[in-house]
Amino acid sequence: MEPLKNAYDRAFVEGLAAQLGEGWADLDQAAFVAAIFGQGWDELELKGRMRRIAETLDAHLPEGLDAALALVDPAVPHFRGYLALFFPDLVELRAVRELGIAGHPTIKLQAEPTRLAPEQQAADPMDRTWDTLVAALARYTPHSSSEFAVRPLLVHDQARMLAEHLAWTASPDHHVRRLASEGCRPRLPWAMALPALKRDPAPLLPILEALRFDESEYVRRSVANNLNDISKDHPDLVRELAARWLAEAEELPATRAEAHAEAATAAEPSRPPTERSPAGDSGDDTGHDSGDDTGHDQGNETSHDTGKRISDQAKTHPQPRTSSGPRSKDQAPTKATGLGTRPDDDDHGPQTASDRRRLVKHACRTLLKAGDAATMLLFGFRDPAGVEVRDLALASPAVAIGERLEFTFTLEVPPFGAAHPTAGGSAAVCARSADAQAGGTSLGRLRLEYAIHYRKKNGSRSPKVFKISEFETEEPRRTFTRRHAFRDLSTRKHHPGCHELAVIVNGVEKARVGFEVGREPGTT
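Residues numbered from 1 in each chain as written. Predicted model: local features only at pLDDT ≥ 70, side-chain atom pairs only at ≥ 80, totals over all residues. Heavy atoms only, no water.

1. Considerations on the side chain of R356
No. 1: Position of R356 among the secondary structure elements: in helix α17 (residues 353–363).
No. 2: Leave out the neighbours within four places in its chain, and R356 touches R212, F213, W245, E248, A249, L252 and Q351. (Helix = DSSP H or I, 4+ residues; strand = E, 2+ residues; numbered from the N terminus. Contact = heavy atoms within 4.5 Å.)

Take a look at the structure:
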């Protein structure tokens with residue numbers, strides 16, 4: 001697969017220069033292009049190339065903020081997706097310099113800023129600069145995303161910037177509403193850290209509450225991602241909120257048609273308006289996990305690796321409308337497909353009960369993967385102590401890099417009283433789920449996963465968890481066969497030696513087997 005950074009080729013940069021030059025007669029386009037492709041360009045990765053373009057643009061623009069943005073604004077709508085992130089990055093560069101934001105991990109001030117006394121801050125002429133910068137970030141985000149560029153402002157003045165985020169929740173543009181949630185995620189991958197919000201996420205809750213009924217799946221998914229970040233440091237807070245939001249789902253329409261009918265009835269003058277806020281769209285609840293930020297990995301299974309890799313992060317970011325270069329004035333916008341597909345205006349509508357359950361489940365995905373017993377119970381998953389994994393077997397004890405490992409196992413509910421409790425303490429929390437679930441004759445509601453304990457270069461092992469299925473059944477036993485690919489990827493290289501495969505039922509490991517990975521078939 002072609003590295004993403006190569007999308008910034010000469011055709012793209014020359015197209016950018018030409019587009020800027022249409023409203024900026026003084027731009028020396030040849031010098032602008034030459035500066036971007038100057039010393040060290042070939043060694044820069046994707047984010048480094050974004051920063052090089054932003055810095056070069058910044059260097060060619062006039063010092064005045066208003067004058068600079070006036071020259072950039074006409075070009076912004078002609079570029080889309082992650083390749084256009086250098087426009088918000090330009091605003092971030094200006095924000096650090098204009099507001100004197102110290103301590104940025106990648107942008108250094110020439111001198112430390114002068115701090116005003118509290119009584120002087122209200123009269124600070126920088127107020128207008130702040131407003132101009134924030135407005136530019138909101139203006140640019142529908143074309144790419146300002147989620148990274150807002151973060152220095154959050155660190156600089158958290159209360160003031162979160163007030164901006166709260167105001168964005170009322171925007172008619174769903175991209176701006178998404179920015180309200182996505183930009184303040186405590187653990188946003190590939191982004192500047194927000195340690196204060198990791199320690200205390202309470203200031204985020206008004207923003208997330210304001211968006212919980214949002215009519216866009218794109219926005220609701222961001223809300224879920226924010227809550228998932230919070231769950232890694234404050235699981236009790238997310239469990240409590242999840243229970244309340246799920247309870248609200250019981251009052252929402254079950255289908256999209258019912259939701260539209262209810263909204264139409266509420267709009268009739270002769271009927272009192274509904275007390276429930278309108279929002280959201282997505283479709284029927286299939287009972288399957290809606291996935292992770294990291295998308296897909298290793299063939300057909302869903303990766304649970306949440307590493308901060310740009311190839312993963314791009315999957316949650318808008319794809320450019322064209323493969324390279326700007327969109328021409330006569331070119332109609334088209335929906336992107338594949339890596340980085342972004343929803344536009346076809347994912348809206350009144351929120352249904354299944355929309356809400358999907359939001360909450362995605363918010364709790366880390367807790368579910370960890371086998372958190374209280375969260376499992378919240379979603380109706382049974383106590384795994386009454387389920388056994390039998391006959392875990394591999395088609396071959398060795399697999400070569402580039403091949404697939406096939407494995408088979410059977411889930412079974414033993415006769416009452418025959419199950420052996422599994423360590424982990426989940427049975428105590430789930431005991432109230434009913435005696436039949438602890439030792440009944442059916443498998444019930446299960447979340448089934450497997451983990452590959454990969455051998456690392458230093459000889460240690462690192463587990464990665466992959467989704468198999470979620471289902472509910474009256475069957476007492478069921479057999480599964482799966483295959484797992486061991487081809488090398490840009491995000492994962494395999495190392496020969498002993499690996500292990502484990503089967504996980506409702507967050508609890510039930511069986512494990514070892515196998516060898518070699519460079520050639522039959523080798524180790």
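2. Examining the sheet that holds strand β7 (residues 477–485)
No. 1: Read from one edge of the open sheet, three strands run β2-β4-β7, paired in antiparallel fashion. A strand with exactly one partner marks an edge of an open sheet, and here the two such strands are β2 (388–394) and β7. This sheet shows a mean twist of 20° between the axes of neighbouring strands, independent of strand direction.
No. 2: Both β2 and strand β4 (residues 404–412) contribute to a ladder of five bridges, which runs antiparallel. (Pairing = 2+ DSSP bridges. Axes fitted to C-alpha atoms, helices over the stretch in contact; angles between N-to-C directions.)

3. Regarding the packing of helix α14 (residues 235–249) against α17
No. 1: As a packed pair, α14 and α17 sit with axes 9 Å apart at the nearest point and diverge in direction by 170°. Comparing their axes, α17 and α14 come out roughly antiparallel. On the side of α14, the interface is formed by V238, A242, W245, L246, E248 and A249, while α17 contributes A353, R356, R357, L359, V360 and A363.
No. 2: Taken together, the residues of the contact of α14 with α17 break down into nine nonpolar, no polar and three charged. (Parallel < 35°, antiparallel > 145°, perpendicular 65-115°, else oblique. Nonpolar A, V, L, I, M, F, W, Y, C, P; charged D, E, K, R; others polar.)

4. Looking at the environment of A34
No. 1: Along the polypeptide, A34 turns up in helix α2 (residues 29–36).
No. 2: Considered as a pair, A34 and V13 are 21 residues apart in the sequence and their alpha carbons are 9.7 Å apart.

5. Some remarks on unusual backbone geometry
No. 1: In this structure, W190 is a non-glycine residue whose phi angle is positive, near 65°.
No. 2: Tracing the backbone through its elements, the reader meets W190 in the loop between α10 (174–182) and α11 (195–199).
No. 3: Judged by its relative accessible area of 14%, W190 falls in the buried class.
No. 4: One non-glycine residue, N506, lies in positive phi territory at about 50°.
No. 5: In this fold, N506 is placed in the loop between β8 (497–505) and β9 (508–518). (Buried < 20%, exposed > 50% of the residue type's maximum accessible area, 1.4 Å probe, protein only.)

6. Remarks on the confidence of the model for the protein
Detailed reading of the predicted coordinates is not advisable wherever pLDDT falls low.
No. 1: Per-residue pLDDT for the protein has a mean of 81; in total, 75% of the residues score no lower than 70.
No. 2: Overall, residues 270–341 carries pLDDT values under 50, and its contacts beyond four positions in sequence, including any with other chains, amount to 211 contacts.
No. 3: Residue range residues 416–439 is modelled with pLDDT below 50. Its contacts to residues more than four positions away, or to other chains, number 36 contacts. (pLDDT = per-residue confidence, 0-100.)

7. Observations regarding the packing of helix α4 (residues 65–72) against helix α5 (residues 86–99)
No. 1: In the contact formed by α4 and α5, the axes pass within 12 Å of each other and the chain directions differ by 175°. In this view, α4 runs roughly antiparallel relative to α5, as classed from their interaxial angle. Between α4 and α5, the residues in contact are L65, A68 and V72 and F87, L90, R94 and E98, respectively.

8. Digging into the pairing of β8
No. 1: With eight of nine residues buried, β8 lies mostly within the body of the structure.
No. 2: Where strand β5 (residues 444–455) meets β8, six bridges bridge the pair, whose relative direction is antiparallel. Bridge pairing in β8 links I452 to L501.
No. 3: Relative to β9, β8 runs antiparallel, the two being bridged by nine bridges.

9. Considering α10
No. 1: Within α10, nine of the nine residues are buried, which leaves it mostly tucked inside the rest of the structure.
No. 2: Restricting attention to buried positions, one finds in α10 the residues H174, H175, V176, R177, R178, L179, A180, S181 and E182.
No. 3: The N-capping residue of α10, defined by a side-chain oxygen 2.7 Å from the backbone nitrogen of H175, is D173. (Polar contact = N/O pair within 3.5 Å; in protein donor to acceptor, adjacent residues only side chain to side chain.)

10. Focus on the packing of aromatic side chains
No. 1: Counted according to the given criterion, the structure contains 17 aromatic pairs.
No. 2: Every member of this aromatic cluster is reached through a ring pair, and the members are Y8, F12, F79, F86, F87 and Y140.
No. 3: Taking NZ or CZ as reference, R445 lies 4.7 Å from the ring centre of F381, over its face.
No. 4: Cation over ring: R478 sits above F471, and NZ or CZ is 4.5 Å from the ring centre. (Phe/Tyr/Trp six-rings, centres within 6.5 Å; stacked < 30°, edge-to-face > 60°. Lys NZ or Arg CZ within 6 Å of the ring centre and 35° of its normal.)

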